[in-house]
Each structure stands twice: as structure tokens, then as C-alpha cells.
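# Observations on the three-dimensional arrangement
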Amino acid sequence: MTRRLALVLCVGLLASTPALAEDALGWLQRMNQASRNLSFTGVFVYQTQGRTETSRIVRLVDGSGEHERLETLDGAPREILRHNENVQCFLPADKILVLDRAIQARQPGRLVSRPAVLGEVYTLRVGEPGRVAGREAQILYLEPRDELRYGHQLWIDMATGLLLKSRMLAGSAGVVEQFAFTEMNPDAHIEHEKLKPQSVKTTGWRVINAAGEDVRPEDIPWLFRRLPAGFKQVALMHRKLHKDDAVAVHAAFSDGFANVSVFIEPQVQGRAQNPAPPAGPIGSYRRMLGDQQVTVLGEVPAQTLKLIAEGVERRK
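All figures in this text were calculated on a predicted structure; none of them were measured in a lab.

So, on to the environment of Gln 29. Inspection of the secondary structure assignment puts Gln 29 in helix H1 (residues 2-37). Between the alpha carbons of Gln 29 and Ala 116 there is a distance of 9.3 Å; along the sequence they are 87 residues apart.

If you want it as C-alpha cells, here you go:
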């Protein structure tokens, strides 16, 4: 009798697994659509390595696409405006305006591949319902199938599908980074006036154009041979990273949640080869390849950064 009960339980669990995975895929699809189509206002808190930052966001989707205005509410003032891929970052304390282009893979809740593809590199699991910012949320777990990426815990708004809270998890090391809304209003009437910059440009401001120029894979002399499973190229461009005339190749890759950037640039005598690593959960790895310096930055374990860096080869 005990053996028969155990068999029934095992069969029942096996039968329920595809349904749970299907439910998780449905929630991910809702989250992806909300990240593209939902207008809202909100306040969120970002935390990593003992650092906390609070920001206010206003987002409007209309006939001309996506409009966002984000401002930090503590620390050094910073204001970021985005219209589709065009980004303006105002740094009032330094009187600097940075012009850049957004990489879609880095929008919270935005997927660059079909949700089903995520199931190839993450085990997807539906958790219990929860609450974030006073709103009912469904919790999802994405557990990595290898040691080349971190896990993720997501709280998805039941009413709208918006990603309300996210944790990046590094196994026994715990939470690597987290962001969570403390206020979110999808019903707010948003006027274009709320999307205009509050920073006032006066004399003495410096404008830095950091936007890259798109290139095709065949236009660069480099190949990326050791990308972990699930990673796809989401951007490829030429960028000027320094005041000299040297141009770097910038390739961005994503598995849908983990994002990695590869920079390949000429090594210039007198320029520091090993600047301080970036703050937050982004790790870095550098290597020399002839007269070129390869730098890999990403929200992945150190071994993944090394793997990708050592897989960069010059096209024969």
C-alpha cells in the first residue's frame, strides 16, 4: 500500500510539472508585454552591496512609442529621459549631459527571447502569491541549470503583469541585487509635461555623446566563440570610450535576464589597463589579445566573464 501510494504521488508530481512550467511561461509573457505596453508612475528602491538608491519613474506609451523620465531621490541628483532607444542622462552637480542609446535587454522585465527559451537555461517554478507596494503579486523562481549565471526571484503584478520586485540570487551567497516598487500607479493620467527634464541647462554644461554606431558582425574582425548556452547578441556597435580617437567594439549579449558587455579596444600607452572594477553586482574581467584589450562586464559569476573573454578571437 505504501509503495502504491508513493507511485501515485510520483506520477502526480511528474504530471503537474509541465503545467507549472506552462504557468510560469504565461506569467513571463505577461511581464514582457507589460514592460513594453504599460504606462504608469511609481517609486522604486534599488539595493546592492550595502548601497541603496530610491528613484521616481514616469512612463508613458503612446503612438510615438515609449517615453520615460527617471530621477533619483537621494544621493547625487541624476535625471534620465528615454524616448524609445534615445537616452539623455542629466548630471546637474557636474553640469554634464550624456547622450546614449538604450539596449532593450536592460529594461526591467523586458525579454529579448521567447519565454520558452528561458526554460532551456533556467528551471522555472511558480511560487506562492505575495504583495509588493500594496499590490497582489505572483512570485516566480528562475533557478539556473548551470553555474554560469545567477538565479532570479520575480514578483509580477497580478493585475497588470508589471515586474514589481526582482532579486538576483547567487546560491548560498544570497541576494546580489534587488529592486522593488514602493509605489506603483498604472491608472495615473500622464501628461507629456511630466516627461520633460527638470534639469535646466545653463552655460558651462558639457555634452558627451556616448551613443555608438551600429555595425554588422561581418564588419568587425572579431568572433565570440565561448558564449554560454542561452546567450544571444542583442547589440553590436562602435563606441568612443576615451577622449583620444580610439574606437572600441561593444558587443552586448543576454540570456533574457543576465546581461554581458564585451569591449575590444586598442591598448594605448599611458592609459590605465586595470581601472577600478565597477560598483554593484557587475563584475569585470580583462585580458590582452595582441595589441587589443578585451574587457567583459556583466551580471554573471566571475567564471562566466573569463569564459567569454577567452573566447574572443580575431577572425581569420
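Positive phi is not limited to glycine here, since Asn 84 has a value of about 55°. One can find Asn 84 in the loop between strand S4 (79-83) and strand S5 (86-91). Within the chain, Lys 95 stands out as a residue other than glycine whose phi angle is a positive 55°. Within the secondary structure, Lys 95 sits in the loop between S5 and strand S6 (96-101).

Core analysis: the largest hydrophobic core is formed by 52 residues, its most contacted members being Leu 28, Leu 154, Phe 181, Phe 257 and Val 262. Ranked by residue count, the leading element in this core is H1, at five residues. Beyond its immediate sequence surroundings of up to four residues, Leu 28 is in contact with Leu 111, Pro 115, Leu 118, Leu 124, Leu 140, Leu 154 and Phe 257.

As judged from the eight bridges shared by strand S1 (residues 40-48) and strand S11 (residues 175-185), these two strands associate in the antiparallel manner. Across the sheet, the residue bridging to Thr 48 is Glu 177, located in S11. Of the strand pairs in this sheet, strand S10 (residues 163-169) and S11 are connected by five bridges, and their pairing is antiparallel. By the bridge assignment, Lys 165 is partnered in S11 with Ala 180. Hairpin connection between S10 and S11: a loop of five residues separates the two successive antiparallel strands, and Gly 171 in this loop has a positive phi of roughly 55°.

Now for the side chain of His 250. Looking at where His 250 falls in the secondary structure, it is placed in strand S16 (residues 248-254). Excluding residues within four positions of it along the chain, His 250 makes contact with Ile 103, Ala 235, Leu 236, Met 237, Arg 239, Ser 261, Val 262 and Phe 263.

Right, let's talk about the sheet that holds S16 for a bit. The strand order across the open sheet formed by six strands is S13-S15-S16-S17-S19-S18, and the pairing between neighbours is antiparallel. Every other strand in the sheet has two partners, leaving strand S13 (213-214) and strand S18 (283-289) as the edge strands with one partner each. Pairing analysis gives seven bridges linking strand S17 (residues 259-266) to strand S19 (residues 292-298), with the strands arranged antiparallel. Counterpart to Val 260 in the pairing with S19 is Gly 298.

Here we take up the sheet that holds S11. Spatially, the twelve strands line up as an open sheet ordered S7-S8-S9-S10-S11-S1-S2-S3-S4-S5-S6-S12, and their pairing is mixed. The open sheet has two edge strands, strand S7 (122-132) and strand S12 (206-209), and neither has a second partner. Between one strand axis and the next, the sheet turns by 15° as a mean value, whatever way the strands run.

Here the focus is the pairing of S18. Pairing between S18 and S19: seven bridges, direction antiparallel. Within S19, the residue paired with Ser 284 across the bridge is Leu 297. In sequence, S18 turns back onto S19 through a hairpin of two residues, with Gly 290 there showing a positive phi of about 65°.

Right, let's talk about the confidence of the model for the protein for a bit. Per-residue pLDDT for the protein has a mean of 86; in total, 87% of the residues score no lower than 70. Ignoring residues within four places in sequence, the model shows residues 1-20, a span with pLDDT below 50, making one contact including any to other chains. Counting contacts from residues 274-279, a segment whose pLDDT is below 50, to residues more than four positions away or on other chains yields five contacts.

Okay, the pattern of salt bridges next. Evaluated as defined, the whole model comprises 22 salt bridges. Where Arg 59 meets Glu 68, a salt bridge forms, and the shortest distance between an N and an O atom there is 3.0 Å. As a salt-bridge pair, Glu 66 and Arg 82 come within 2.7 Å of each other at their nearest N and O atoms. Remark: Arg 82 occurs in strand S4 and Glu 66 occurs in strand S3 (residues 65-72); sequence separation between them is 16 residues. Each of Arg 59, Glu 66, Glu 68, Arg 82 and Arg 110 takes part in one network of salt bridges that share partners.

Definitions and cut-offs
- Residues numbered from 1 in each chain as written.
- Predicted model: local features only at pLDDT ≥ 70, side-chain atom pairs only at ≥ 80, totals over all residues.
- Heavy atoms only, no water.
- Helix = DSSP H or I, 4+ residues; strand = E, 2+ residues; numbered from the N terminus.
- Core = buried A, V, L, I, M, F, W, Y, C linked by side-chain atoms within 4.5 Å.
- Buried < 20%, exposed > 50% of the residue type's maximum accessible area, 1.4 Å probe, protein only.
- Contact = heavy atoms within 4.5 Å.
- Pairing = 2+ DSSP bridges.
- Axes fitted to C-alpha atoms, helices over the stretch in contact; angles between N-to-C directions.
- pLDDT = per-residue confidence, 0-100.
- Salt bridge = Lys/Arg side-chain N within 4 Å of Asp/Glu carboxyl O.

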